[in-house]
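# Observations on the model geometry
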Amino acid sequence: MTADERSRELFARAQRVLPGGVSSPVRAFRAVSGTPRFVARASGAFFEDADGNRLLDFVHSWGPLILGHAHPEAIAAVQDAAGRGLTYGAPCLGEVLLAEQVAACYPGVEQVRFTSSGTEACMSAIRLARGVTGRDRLVKFAGCYHGHSDGLLVAAGSGAVTFGQPSSAGVPAGVAQLTTVLPLDDEPALDRLFLQHGREIAAVIVEPVPANNGLLLQRAAFLQRLRDLTQRHGAMLIFDEVISGFRVALGGAAERYGIRPDLVTFGKILGGGMPVGAFAGPRAPFQQLAPLGPVYQAGTLSGNPVAMAAGLRTLEILRRDAVLPRLERLGQRLEDAIGTLLARHDWPLAFVRCASLFWFAFGSRNAPRRDDAIAPGAAKAYGRFHAACLQRGVYLAPSAFEVGFLSAAHTEADVDRAALVFADALAETFGGGQ
Ligand code: PMP
């Protein structure tokens, strides 16, 4: 199961032409040991790597594949659409149908603008919020990721309100300064910021189910305070549901928490594995968006017919087959198995889950709610755990701070097998038997 010669050869070759050997950084396995597995093919809950290993996958391309790899109906929809042309650069029925589905699923959505990635969706939603409010300041939370556009690549030290420092080289300080970073789970910090700067704030963007720095589940009261303060001060609340959309509920976190944002961003599941993002909301702000209004946004491949077909079929199947309730049961099954295991051991570990998302919080006994509550040794322990899982044929994200994804292709037997592998791998990680 561990033979990886071919992957190693390919990785060496890749590094000659791709920076770090990859097209997106986390894939390079820098945060864990070993070599990235080159994927040859994937089907259902498994992929096969270049050496012929069959791996039970809990990454699922980081979220889009809620139906599993190469779902036959999704593939058929894509093939059918591709036969009618790959891109038109003109309106097509698919984008109308998919927008209608989004509006039917998500509370308060009347208008949808498609993009080709989650990054573009977040970037454009913020531009729209700035255009609508006539204000410049953006607020984000430490530990939330909203893609790699300049103004969003800003993190902060813990604790008090921090005016943004870029967290990537190449982001101008002047751009970062327009972003204020707050800690999650901290209502007093929110209150203070709005008291002092409420009238400058165009938008607050948040992952309502933060899933990019571990799974930092928030209290409903925190999200509600955010809703109340933004409303009171005329700032727009943007829910980034690129991961949580169509996953934690068909109506995303808005449905789960009963809180409506002013704008919402999507990606991943919405494209069913094809490159799609979208920002959406009630009709009024979209009157300001080109071609109706002065806020410019565009895309050569936006509303791409093949991508629309993949997303449309994915959403149809989610509804038709009641996929989300089944994934909740599957997630509960995994949570119960890990819970039983943790009750028998005194391991410094919390298992965190929301619907079909899960996360092992190494070094914590309770689920952390903010990035600076994650134990400093988490990454090192996760590195050992990750290698032990991979050796046993279970593929987890190659980073301690990324979450696991269950898909409709996982069976109860897959979950039970994974739970056994996790038990062995944890025993190896922490030393001692089970
Ligand atoms: N927002 C969130 C919450 C995300 O998880 C991601 C990607 N993981 C993005 C935005 C950016 O999406 P993309 O990678 O499609 O640009």
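Within every chain, residues take consecutive numbers counted from 1 along the sequence as written. Thresholds applied to this predicted model are a pLDDT of at least 70 for local features of residues and 80 or more for the giving and counting of side-chain atom pairs; totals over whole chains, interfaces and linings are not thresholded and use all residues. Here the side-chain values reflect all heavy atoms present in the structure, with hydrogen atoms and water set aside.

### A few points about the overall build of the protein chain
Quick note on the threshold: Each helix is a run of DSSP H or I of at least 4 residues and each strand a run of E of at least 2, with the numbering of both proceeding from the N terminus. What the globule rule says is 2.2 Å times the number of residues to the power 0.38, and the radius of gyration is computed from C-alpha atoms. Residue exposure (1.4 Å probe, protein chains only): buried if accessible area is under 20% of the type maximum, exposed if over 50%, otherwise partly exposed. Whether two residues are in contact is decided by their heavy atoms, any of which lying within 4.5 Å being enough. Positive charges are assigned to Lys and Arg, negative charges to Asp and Glu, while His and the chain termini are left out of the count. All charge positions are set by atom: Lys at NZ, Arg at CZ, Asp at CG, Glu at CD.
Per the secondary structure count, the protein chain includes 13 helices and 17 strands. By the compact-globule yardstick of 22 Å for 434 residues, the protein chain fits well, its C-alpha radius of gyration being 21 Å. With respect to the three principal axes, the spread of C-alpha positions in the protein chain is 60 × 55 × 45 Å. In the protein chain, which comprises 434 residues, the proportion classed as buried is 53%. At a minimum sequence separation of 6, the contacts of the protein chain that also span at least 24 residues come to 72%. A distance of 2 Å separates the average location of the 42 positive side-chain charges in the protein chain from that of its 40 negative side-chain charges.

### Concerning the pairing of strand β1 (residues 39-43)
To keep things clear, this is the line we draw: Two strands form a pair only when DSSP identifies at least two bridges running between them.
Burial within β1 is sparse, with just zero of its five residues counted as buried. Where β1 and strand β2 (residues 46-49) come together, four bridges link them in antiparallel fashion. Residue pairing for β2: Ala42 is matched across the bridge by Phe47. Counting the residues in the hairpin turn of β1 and β2 gives two residues, including Gly44, whose phi is positive at 60 degrees.

### Here's the deal with the domain arrangement of the protein chain
To be explicit about the condition: Domains are outlined according to an automatic or database domain assignment. By buried area we mean how much accessible surface two parts lose on assembly, using a 1.4 Å probe and totalling the loss over both.
For the protein chain, the domain assignment lists domain 1 (5-62 + 322-430) and domain 2 (72-320). A straight line from the C-alpha centre of domain 1 to that of domain 2 covers 26 Å. Counting residues at the interface gives 23 residues for domain 1 and 30 residues for domain 2. Buried area between domain 1 and domain 2, both sides added, is near 2,200 Å², and the carbon and sulfur share of it is 60%.

### Some words on the packing of aromatic side chains
This is how the line gets drawn: Pairing of aromatic rings covers Phe, Tyr and Trp, the last through its six-membered ring, and needs centres within 6.5 Å; plane angles under 30 degrees mean stacked, over 60 mean edge-to-face, and all others mean tilted. Note on geometry: a ring has a charge over it if NZ (lysine) or CZ (arginine) is within 6 Å of the ring centre and within 35 degrees of the ring normal.
One pass over the structure, following the stated rule, counts 21 aromatic pairs. For the ring pair Phe358 and Phe360, a centre distance of 6.2 Å and an interplane angle of 90 degrees mean the geometry is edge-to-face. Both residues of the pair, Phe358 and Phe360, count as buried. The ring of Phe46 carries the charged tip of Arg54 above its face, separated from the ring centre by 3.8 Å.

### Focus: the nonpolar core
Just so we agree on the cut-off: Here, the term nonpolar core denotes a set of buried Ala, Val, Leu, Ile, Met, Phe, Trp, Tyr and Cys residues that are joined through side-chain atoms within 4.5 Å.
Counting residues in each nonpolar core, the largest one holds 108 residues, and the members touching the most others are Phe141, Leu270, Phe360, Phe385 and Phe422. The element that contributes the greatest number of residues to this core is helix α13 (residues 412-430), accounting for nine residues. Of the domains in this structure, domain 1 (5-62 + 322-430) and domain 2 (72-320) are the two that each give at least three residues to this core. When residues no more than four places from it in sequence are discounted, the contact partners of Phe385 are Phe360, Phe362, Leu396, Phe422, Ala425, Leu426 and Thr429.

### Some words on the sheet that holds strand β3 (residues 54-57)
The four strands lie next to each other as β1-β2-β3-β16, forming an open sheet whose pairing is mixed. Edge positions in the open sheet fall to β1 and β16 (394-395), since each of these has one partner strand only.

### Brief notes about the sheet that holds strand β17 (residues 404-405)
As a reminder, the rule being used: Orientation is described by axes fitted as lines to C-alpha atoms, over the contacting stretch for helices, and by angles from 0 to 180 degrees between their N-to-C directions.
Pairing within the open sheet is antiparallel, and its three strands lie in the order β14-β15-β17. Since the sheet does not close on itself, it has two edges, and those belong to β14 (349-354) and β17, each with one partner. For strand β15 (residues 357-362) and β17, the ladder comprises two bridges, and the chain directions are antiparallel. Across the sheet, the residue bridging to Leu357 is Phe405, located in β17. Against the sheet, helix α11 (residues 323-344) contacts β14 and β15, and its axis sits at roughly 170 degrees relative to β14.

### A word on unusual backbone geometry
In the segment running from Ala290 into Pro291, the intervening peptide bond is cis, with an omega of 10 degrees. Within the secondary structure, Pro291 sits in the loop between α9 (283-286) and α10 (305-320). We note that Phe246 has phi near 60 degrees; this positive angle belongs to a residue other than glycine. Accessibility expressed as a relative area gives 1% for Phe246, which makes it buried. A positive phi is found at Lys268, a non-glycine position, where the angle reads about 45 degrees. Within the secondary structure layout, Lys268 lies in the loop between β12 (263-266) and β13 (277-281).

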